[in-house]
Amino acid sequence: MSVAYREGIPALEQVHDEGGRSLGWWGMMFFIASEALIFANLIAAYLYLEIRQGGHGWRLPSEIWYPLINTIILLGSSAPIHYIAARGIEKGNQRRLIWGLLATIVMGAIFLGGQVYEYSSLISQGFTPQSQLFGSAFFTLTGFHGLHVTVGLIFLLIVFVRALNGHFTKERHFAFQAGEMYWHFVDAVWIFVFSIVYLLPLLRG
């Protein structure tokens, strides 16, 4: 069984097959697409509830500057995983892979900690999931995204440990590539969530 496992890992880790993209890459794309549909439904429900309420009271009792800084940190976390880690392992550079992963993990953890701090601040001001319809919609949408950030961090931590153990090569590093794809997806979704939850009320006045 262990022999079969060792023989199977290289095939699973291969980034490209003879026809171009590997089966694992397409599988990851379909998984991300299914997750995107869930977020699309949540965002549509959020907007529907806001329209039904006429937008009255759909504004957070706090300044936008803190979540804006937190957003910049999260979106910026895509840079090291792509420009340092991904480009590094494509050239067989293990050191760049490790440092790029570490930078992204740290920035993602800062964002998650910032979200927890924002939640505690809002709750201390009386803004809770039970206080009003907006509260329930806000915590559901942003909390679901926070859950995905947490899953992404766990994913990247596993990849990071494997990178430290030298499991990836120039030709075989699909686990890292899948982690990078998922992280970019999490960042892209947050652009829509942030725009709808934080920026839309400001534009509406």
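Residues numbered from 1 in each chain as written. Predicted model: local features only at pLDDT ≥ 70, side-chain atom pairs only at ≥ 80, totals over all residues. Heavy atoms only, no water.

Colleague: Which residues make up the overall build of the protein chain, and what values do they have?
Modeller: Check the secondary structure of the protein chain and you find 7 helices and 2 strands. When the helices and strands of the protein chain are placed in sequence order, the string is α-β-β-α-α-α-α-α-α. Counting every position in the protein chain, which comprises 205 residues, the buried fraction comes to 41%. Once local pairs closer than 6 in sequence are excluded, the contacts in the protein chain between residues at least 24 apart make up 80%. (Helix = DSSP H or I, 4+ residues; strand = E, 2+ residues; numbered from the N terminus. Buried < 20%, exposed > 50% of the residue type's maximum accessible area, 1.4 Å probe, protein only. Contact = heavy atoms within 4.5 Å.)

Colleague: Account for the packing of helix α5 (residues 94-124) against helix α6 (residues 133-164), with residues named and values stated.
Modeller: As a packed pair, α5 and α6 sit with axes 9 Å apart at the nearest point and diverge in direction by 155 degrees. The angle between α5 and α6 falls in the class roughly antiparallel. Considering only the axes of α5 and α6, their crossing is left-handed. Looking at the contact of α5 with α6 residue by residue, the class counts come to 21 nonpolar, 9 polar and 1 charged. (Axes fitted to C-alpha atoms, helices over the stretch in contact; angles between N-to-C directions. Parallel < 35°, antiparallel > 145°, perpendicular 65-115°, else oblique. Left-handed = near helix turned anticlockwise from the far one by under 90°. Nonpolar A, V, L, I, M, F, W, Y, C, P; charged D, E, K, R; others polar.)

Colleague: Explain the packing of aromatic side chains to me, using residue names and the numbers behind them.
Modeller: Any aromatic ring pair is given by two values, namely how distant the centres are and how the planes are angled relative to each other. Applying the stated criterion to the full structure yields 20 aromatic pairs. Here Phe138 and Tyr198 contribute two aromatic rings whose centre-to-centre distance is 6.2 Å and whose plane-to-plane angle is 80 degrees, an arrangement assigned as edge-to-face. With a gap of 60 residues between them, Phe138 in helix α6 and Tyr198 in helix α7 (residues 174-204) connect regions that are remote in the sequence. Each member of the pair, Phe138 as well as Tyr198, carries the same accessibility label: buried. When the centroid spacing of 6.3 Å and the interplanar angle of 55 degrees are considered together, the rings of Trp190 and Tyr198 count as tilted. Tyr198 shares its class with Trp190; the two are buried. Cluster of aromatic residues (ring-pair linked, three or more members): Tyr46, Phe111, Tyr119, Phe127, Phe134, Phe138, Phe139, Trp190, Phe194 and Tyr198. (Phe/Tyr/Trp six-rings, centres within 6.5 Å; stacked < 30°, edge-to-face > 60°.)

Note that every value here comes from positions in space, so none of it alone points to a role or purpose.
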